[in-house]
Each structure stands twice: as C-alpha cells, then as structure tokens.
Amino acid sequence: MLLAPSIGHDVNFTLGVRLFGSSQRPNAWNAFVRQRLDDINEGLSKGNRWKLTEFIESHKETLRNNYARLSCAQKNNYEVEIMKIRADKQRMVHDNPRAVQHDMQATFAAMDQEVLSYFLRRSFSDRHIIQWTAICSRLGVEGFYVAVRGGIEDLSGPKLFFSEKAEKFVRAVLDLEPQRLALKLEAFAVSGLSKEKKSLNQLVSECWMLIQDELDFILRKNKLANHAKMNYTNYEHAIVEHYGVELKGWPFELLPVRNPSRIGGRKSVQLLINTLIEETCKWTKLTEEELADRITSNHARQAAGETVYKPWKARAKKTVEKSAAIVESSSESDENEGDDGGNE
C-alpha cells in the first residue's frame, strides 16, 4: 500500500470509505490523487479509463514528487474541496427522508462497535445505552445526549442516553422525565425554530405528531400500553374511557376535542400547536374516581341526545355480487371505521 508522504500511514484509496464516506479529517493526499486521476481520464471512453489502483501503481513516484512540491495553501485547497463534496453529499442525502433514517441508524450502529467487547459479555438489548454506560464507567464522567428528528418529513425516532446522575439531574432540577425532555426537544425542533411560513397541512401534521407522541409517552409512563393510535372520532370511548387518560387544556374555543384537520383554518391550528408546545394542553392520567365520574357523565350526555359515542357506520348493502377479494377488502374497511387516527 502506498504511503501518504505527509501523513506517515497507510492510505486507503477506496474513495467511498475514506474520501467521501468518512467523518475523519479531510485528507489532501487522497484529493490530490483523485484530481490527477480525473485529469488523466478526461476524454477517455469508459472502457479505456484508468482504475485508481492501476493509476497509483504506474505513477506512484511521479505522484509522490508532485505532492511533495505542493505548498501548504495548495494542500489546504484540496482539503476544502473534499469538505465541499461532503457538504454536497449531505444535502443530497437530506433530500431523502429514508436516507436520513438509514444514516442515523448506521451512525448509532457504528457507535455501538466502540465497546462491542463490553456488551457481548452482557445480555442487554439497547446497545447504544450499554456503549455509553461503558464509556461513563471507564472515564468516570456523567452526561446525556438526545438526538431527535428535525422535521415532519424525517422518519427517525428519538435516541437518548442518560447516565445515572444525569437522569437524576433532569428529574430533580428540570422536573422532567428523560423521555419527556426528548419529546419537548423534538417538538421545538420541528415547530419552534422554523421561520418559514408552513402550509396548513404541515401545521395539521405537527398537531398530529405532538398529540400522538405525548399520548404514547403517558401510556408507557403509566404502563398502560406501548402505543395506541389516537382516535379522534371516538375519543371519549376509545381513549379516555379505555385508557383512563385525558387531553386536558384543549383550547375552549376549539372544543370538543377533534381531529386538528377539522378545527378551522390556520389561526385555529396554530393556536392548538402553541398550547401543545407550551403544555397548557397535555395528556394527564385520570384517577379512578375521575374516570368513573367521566364515564357516568358521558352516559348521561349520550342519553340526553348528545352524540358522545359515535356509532359505527352501517355496512352499505350491495345488490351486485362481489368477488372474494372485494368482499374481504370491504370487511377490513368496516372494521377500521371509527379509528381514524390522524386522517379524520
């Protein structure tokens, strides 16, 4: 393997790994070799172009001599070009939400490898937690990190780690559960920093996200469920009565609790977003007495003629015979009526 003259170690010429894919410091030697390769291949047909390894083997003395004559400024210019290429690549990646999700997963997977030998001796499932636990133990440090998505289009879930003392700090000083801190950061990153004017659909999507994330949080916190899809159509029966939680603080002028897509225009949706971010509107756990009173009140309201419990839509009668595939699809649709999630 050819040595980089100014570095003194083996140079990896697999550009996808060292030059473009790595987060290490830019390597001027690699950029210099790549530039020379591009120059010599210019004008050549695809089948006649030099391969990188062949080019280095045939011109290694010339490359070494020419690189040695470069000034510091010229070498810095090569490093700047690498940084520009990396930045361009990142912009391309961030245009694809699934690519961002994959990148995030790969990054945390790479972090896991640092202390692979540590957690192979232990039966833990959350490897990034074990990795950082090992680092804190080895170095005698305390701390935490929280990584969340930066926009509605991103698909990555929160990643967080708290050492023992850092977790106590967040709970005692900030009066927050670690997961709640992550959700607040996510909400602020998605909604609180953007200066661009968002469309009404984007604002509604943010409401859906904030309501759903906080619902899942309070259910997990109280060990009621790991996840429950928000049901706006049958909110009282499917959410409040079934799980014993309530979305308190819903803006009075927007009552009753219903799908954010049906509360009005931009002004109304923005009001709801603000109350969710500021937590004047948030999920709370009802006591057994409060839940019993709520069920009694709901039954009384329903008996008085108010539609508290939305009926399932009756199956439409068809005179035309259906194929087996059509009948099955229709049945699934009927079963899902009433649980409209973020779409009704």
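Keep in mind the model is a prediction, meaning the values are calculated, not measured.

Draft legend 1. Main features of the overall build of the chain. Check the secondary structure of the chain and you find 13 helices and four strands. Burial statistics for the chain: of 344 residues in total, 35% are counted as buried. In the chain, 58% of the contacts between residues at least 6 apart in sequence involve partners at least 24 apart. In the structure as shown, the chain presents an accessible area of about 21600 Å², 52% of it carried by carbon and sulfur atoms.

Draft legend 2. Looking closely at the side chain of Ser268. Its place among the elements puts Ser268 in helix H11 (residues 266–278). Here Ser268 falls in the buried class, since its relative accessible area comes to 19%. If we skip the residues at most four places from it in the chain, Ser268 touches Leu254 and Ile263.

Draft legend 3. Geometry of the nonpolar core. Residues Met230, Trp250 and Trp283 are the most contacted members of the largest nonpolar core, which totals 31 residues. Contributions of two or more residues to this core are made by helix H8 (178–192), helix H9 (200–221), helix H10 (235–243), strand E3 (245–248) and H11. Among the elements that take part in this core, H9 stands out by supplying nine residues, more than any other. Excluding its chain neighbours within four sequence positions, the residues that come into contact with Trp283 are Ile211, Glu214, Leu215, Ile218, Met230, Tyr235, Ile239, Val245, Glu246 and Leu247. Counting residues in hydrophobic clusters, the runner-up holds 14 residues, among them Ala28, Leu52, Tyr67 and Leu70.

Draft legend 4. Fine view of the packing of aromatic side chains. Scanning the entire structure with this criterion turns up eight aromatic pairs. Ring centres of Phe144 and Phe162 lie 4.8 Å apart, and the angle between their planes is 10°; on these two criteria the pair is classed as stacked. With Phe144 in strand E1 (residues 144–147) and Phe162 in strand E2 (residues 159–162), this pair connects stretches of sequence that are 18 residues apart. Taken together, the ring pairs connect Trp29, Phe32, Tyr67 and Tyr78 into an aromatic cluster.

Draft legend 5. Broad picture of unusual backbone geometry. Of note, the bond from Leu255 into Pro256 is cis; its omega dihedral lies within 30 degrees of zero at 0°. Mapped onto the secondary structure, Pro256 falls in the loop between E3 and H11. For Asp175, which is not glycine, the phi torsion reads 55° and is therefore positive. Its location among the elements puts Asp175 in the loop between helix H7 (164–172) and H8. Owing to a relative accessible area of 64%, Asp175 belongs among the exposed residues under this scheme. Even without being glycine, Lys223 reaches a positive phi, approximately 55°. Here Lys223 shows up in the loop between H9 and H10. Assessed through its relative accessible area of 79%, Lys223 is described here as exposed.

Draft legend 6. Layout of a nonpolar patch on the surface. A contiguous nonpolar patch, built from Phe144, Phe169, Val173 and Leu174 and spanning about 370 Å² of accessible area, is present on the exposed surface. For Val173, the position within the fold is in the loop between H7 and H8. The class of Val173 is exposed, set by a relative accessible area of 55%.

Draft legend 7. How the structure looks around the packing of H9 against H11. H11 packs onto H9 with a crossing angle of 30° between their chain directions and a minimal axis gap of 10 Å. Viewed along their axes, H9 and H11 adopt a mutual orientation that is roughly parallel. Handedness of the crossing formed by H9 with H11: left-handed. Contacts from Leu200, Leu203, Val204, Glu206, Cys207, Leu210 and Ile211 in H9 reach Arg266, Val269, Gln270, Leu272, Ile273, Leu276 and Ile277 in H11. In terms of residue class, the contact of H9 with H11 is built from eleven nonpolar, one polar and two charged.

Draft legend 8. Structural view of H9. Between its terminal C-alpha atoms H9 stretches 32 Å, which fits the 32 Å expected from 22 residues at 1.5 Å a residue. Lys223 sits one or two positions beyond H9 and adopts a positive phi of about 55°.

Draft legend 9. Structural detail: the pattern of salt bridges. Counted under the stated rule, the structure contains 14 salt bridges. Three or more residues are tied together by salt bridges with common partners; here these are Arg180, Lys184, Glu214 and Glu279.

Draft legend 10. View of the environment of Val190. The topology assignment puts Val190 in helix H8. It is 9.8 Å that separates the C-alpha atoms of Val190 and Leu210, two residues lying 20 residues apart in sequence.

Draft legend 11. Structural context of the packing of H10 against helix H12 (residues 288–303). Where H10 meets H12, the closest approach of the two axes is 10 Å, and the angle between their N-to-C directions is 165°. In terms of their interaxial angle, H10 and H12 are classed as roughly antiparallel. The two elements H10 and H12 cross, and the hand of that crossing is left-handed. For the pair formed by H10 and H12, the contact residues are Tyr235, Glu236, Val240 and Glu241 on the first element and Leu291, Arg294, Ile295 and Asn298 on the second. When its residues are assigned to classes, the contact of H10 with H12 shows four nonpolar, one polar and three charged.

Draft legend 12. Broad picture of the environment of Phe217. Counting through the fold element by element, Phe217 comes out in helix H9. Phe217 sits 34 residues away from Leu183 along the chain, and the two C-alpha atoms are 8.7 Å apart. Apart from the residues within four sequence positions on either side, Phe217 is in contact with Glu177, Gln179, Arg180 and Leu183.

Procedures and definitions
- Residues numbered from 1 in each chain as written.
- Predicted model: local features only at pLDDT ≥ 70, side-chain atom pairs only at ≥ 80, totals over all residues.
- Heavy atoms only, no water.
- Helix = DSSP H or I, 4+ residues; strand = E, 2+ residues; numbered from the N terminus.
- Buried < 20%, exposed > 50% of the residue type's maximum accessible area, 1.4 Å probe, protein only.
- Contact = heavy atoms within 4.5 Å.
- Areas by Shrake-Rupley, 256 points an atom, 1.4 Å probe, with all protein chains shown as cover.
- Core = buried A, V, L, I, M, F, W, Y, C linked by side-chain atoms within 4.5 Å.
- Phe/Tyr/Trp six-rings, centres within 6.5 Å; stacked < 30°, edge-to-face > 60°.
- Patch = residues over 30% accessible without salt bridge, like charges linked within 9 Å, V, L, I, M, F, W, Y side chains within 5 Å.
- Salt bridge = Lys/Arg side-chain N within 4 Å of Asp/Glu carboxyl O.
- Axes fitted to C-alpha atoms, helices over the stretch in contact; angles between N-to-C directions.
- Parallel < 35°, antiparallel > 145°, perpendicular 65-115°, else oblique.
- Left-handed = near helix turned anticlockwise from the far one by under 90°.
- Nonpolar A, V, L, I, M, F, W, Y, C, P; charged D, E, K, R; others polar.
- Expected span 1.5 Å × (residues − 1).

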